[in-house]
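Here is what each chain is made of, one letter per residue.
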Amino acid sequence: MSQSPILITGGAQRLGRYCAERLVDDGHSVIISYRRERDELEALRALGVRTVQADFSSETGIQAFIAAVRELTPTLRAIVHNASDWLPDTGGEAAGSNFEHLFRVHMQAPYLINLALRDLLEAGVESQADIIHMSDFVVQKGSSRHAAYAASKAGLENLTLSFAAMFAPRIQVNTIAPALIMLKPDDDDDYAERAKAKSLMQSVPGPGVIWQAMRYLLDSHYVTGTTMPVDGGRHLK
Ligand SMILES: NC(=O)C1=CN([C@@H]2O[C@H](COP(=O)(O)OP(=O)(O)OC[C@H]3O[C@@H](n4cnc5c(N)ncnc54)[C@H](OP(=O)(O)O)[C@@H]3O)[C@@H](O)[C@H]2O)C=CC1
Ligand SMILES: Nc1nc2c(c(=O)[nH]1)N=C([C@H](O)[C@@H](O)CO)CN2
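Residues numbered from 1 in each chain as written. Chains lettered and ligands numbered in written order. Predicted model: local features only at pLDDT ≥ 70, side-chain atom pairs only at ≥ 80, totals over all residues. Heavy atoms only, no water.

1. Overview of the site of ligand 2
Phase 1: In the neighbourhood of ligand 2, the contacting residues comprise Arg14, Ser84, Trp86, Asp136, Tyr149, Ala179, Leu180, Met182, Lys184, Tyr191 and Arg234.
Phase 2: Between ligand 2 and Tyr149 there is a distance of 2.9 Å, counted from a nitrogen atom to a side-chain nitrogen or oxygen.
Phase 3: For ligand 2, the protein covers 81% of the area, taking 410 Å² as the surface of the free molecule.
Phase 4: Its residues assigned to classes, the shell around ligand 2 shows 6 nonpolar, 1 polar and 4 charged. (Near = heavy atom within 4 Å. Polar contact = N/O pair within 3.5 Å; in protein donor to acceptor, adjacent residues only side chain to side chain. Areas by Shrake-Rupley, 256 points an atom, 1.4 Å probe, with all protein chains shown as cover. Nonpolar A, V, L, I, M, F, W, Y, C, P; charged D, E, K, R; others polar.)

2. Brief notes about the packing of helix H3 (residues 59-72) against helix H4 (residues 94-122)
Angle between the axes and distance between the axes: these two values describe a pair of packed helices.
Phase 1: Running from N to C, H3 and H4 cross one another at 30°; their axes reach a closest spacing of 10 Å. Taken together, the axes of H3 and H4 lie roughly parallel to each other. The handedness of the crossing between H3 and H4 comes out as right-handed. Each of Glu59, Ile62, Gln63, Phe65, Ile66, Val69 and Arg70 in H3 lies in contact with H4, whose residues at this interface are Arg104, Gln108, Ala109, Leu112, Ile113, Ala116, Leu117, Asp119 and Leu120.
Phase 2: Partitioned by chemical class, the residues of the contact of H3 with H4 number 10 nonpolar, 2 polar and 4 charged. (Axes fitted to C-alpha atoms, helices over the stretch in contact; angles between N-to-C directions. Helix = DSSP H or I, 4+ residues; strand = E, 2+ residues; numbered from the N terminus. Parallel < 35°, antiparallel > 145°, perpendicular 65-115°, else oblique. Left-handed = near helix turned anticlockwise from the far one by under 90°. Contact = heavy atoms within 4.5 Å.)

3. Overview of the pattern of salt bridges
Phase 1: As enumerated under the stated definition, the model contains 14 salt bridges in all.
Phase 2: The shortest N-O distance in the salt bridge between Glu122 and Arg118 comes to 3.0 Å. Pair noted here: Glu122 and Arg118 are both in helix H4, with a separation of 4 residues, about one helical turn.
Phase 3: For Arg118, a relative accessible area of 27% translates into the label partly exposed.
Phase 4: Salt-bridge contacts for Glu193 lead to Lys196; the nearest nitrogen and oxygen are separated by 3.1 Å. With Glu193 and Lys196 both in helix H6 (residues 189-196) and 3 residues apart, this pair spans about one turn of that helix.
Phase 5: When its relative accessible area of 47% is taken as the criterion, Glu193 is described as partly exposed.
Phase 6: We classify Lys196 as partly exposed; its relative accessible area is 25%.
Phase 7: A single network of salt bridges, built from pairs that share partners, joins Arg17, Glu21, Arg22 and Asp25. (Salt bridge = Lys/Arg side-chain N within 4 Å of Asp/Glu carboxyl O. Buried < 20%, exposed > 50% of the residue type's maximum accessible area, 1.4 Å probe, protein only.)

4. Details of the side chain of His146
Phase 1: Mapped onto the secondary structure, His146 falls in the loop between strand E5 (129-134) and helix H5 (147-167).
Phase 2: Those residues in contact with His146, other than ones at most four positions away along the chain, are Trp86, Leu87, Pro88 and Asp89.

5. Considerations on the site of ligand 1
Phase 1: Around ligand 1 sit 29 residues in total, of which Gln13, Arg35, Arg36, Arg38 and Ile181 are the nearest.
Phase 2: Contact distances for ligand 1 include 3.0 Å between an oxygen atom and a backbone N or O atom of Leu15.
Phase 3: Ile181 places a polar main-chain atom, nitrogen or oxygen, 2.8 Å from an oxygen atom of ligand 1.
Phase 4: Burial of ligand 1 by the protein amounts to 94% of the accessible area it has alone, namely 890 Å².
Phase 5: Counting only elements with at least two residues in the shell around ligand 1, the list comes to helix H1 (14-25), H4 and H5.
Phase 6: Across the shell around ligand 1, the residue classes break down as 13 nonpolar, 7 polar and 9 charged.

6. So, the packing of H4 against H5
Phase 1: Between H4 and H5, the least distance of the axes is 8 Å, while the angle of their chain directions is 15°. Taken as axis vectors, H4 and H5 run roughly parallel relative to one another. Considering the relative orientation of H4 and H5, their crossing is right-handed. The segment H4 lies against H5, with Asn98, Phe99, Leu102, Phe103, His106, Met107, Pro110, Tyr111, Asn114, Leu115 and Arg118 engaging Ala148, Tyr149, Ala151, Ser152, Lys153, Gly155, Leu156, Leu159, Phe163, Met166 and Phe167.
Phase 2: Here the contact of H4 with H5 is built from residues that sort into 15 nonpolar, 5 polar and 2 charged.

Set out below in structure tokens:
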């Protein structure tokens, strides 16, 4: 009996890619979404990962992605809403479009995809299905430079509560809320040191800690409607 695939949005790089590769290692069939075509995608395709181009910055793009997934598979084991734009606040005329963009990527896309693909999750060959929302520790404290980003992630965390109640017991719905997991290539040493100092553990752990949390949620059968912090004790600093 072949397994139902696991869908990770924004799986072409960094945390999403790392978890997609670990899922393949564990024998899962994996589908990822990507926004920009690039050479690195070929390595994932060589592993058997199916790739779907998607831009969630418009409802049209979200609906096109939903249609493409439905063309690809009749069932799903899980959906991981990982796609995200870490955009800082912008002033002036762009403030509104920036907010709308983040709302679409972090809230409207997960909302519409969950509603539209619920039947694929319920038709899965496994006894349980999962939805995982990738949020951010910053939901707990807000952000003076990423206020729109933080608010959109807060909305995503609230969707976890609603969908957990709507989709139980067939589908578990949970949030993983990371703090600094990976730096960006252009982050300098000074930024890295200041960022590390913000948590009790004072480290930049890398994507393995997110994979551990994801594996736990996929293997659990009695965890839903929760937010799992993976933040190095950032909330106590
Ligand atoms: N990295 C970290 O330290 C932290 C990460 N997180 C959260 O964890 C998750 C993974 O983080 P990370 O790996 O750094 O994420 P990235 O910043 O690497 O983004 C992941 C993917 O999202 C895709 N994406 C961005 N905008 C859109 C869009 N409009 N439509 C479709 N796809 C889009 C990008 O696709 P493409 O590259 O093809 O354009 C990208 O590959 C995110 O949800 C993030 O908010 C939270 C706290 C800390
Ligand atoms: N989509 C993304 N979201 C976030 C990223 C990222 O690279 N992509 N990075 C962070 C930072 O690591 C932040 O946690 C440092 O304090 C937050 N969100």
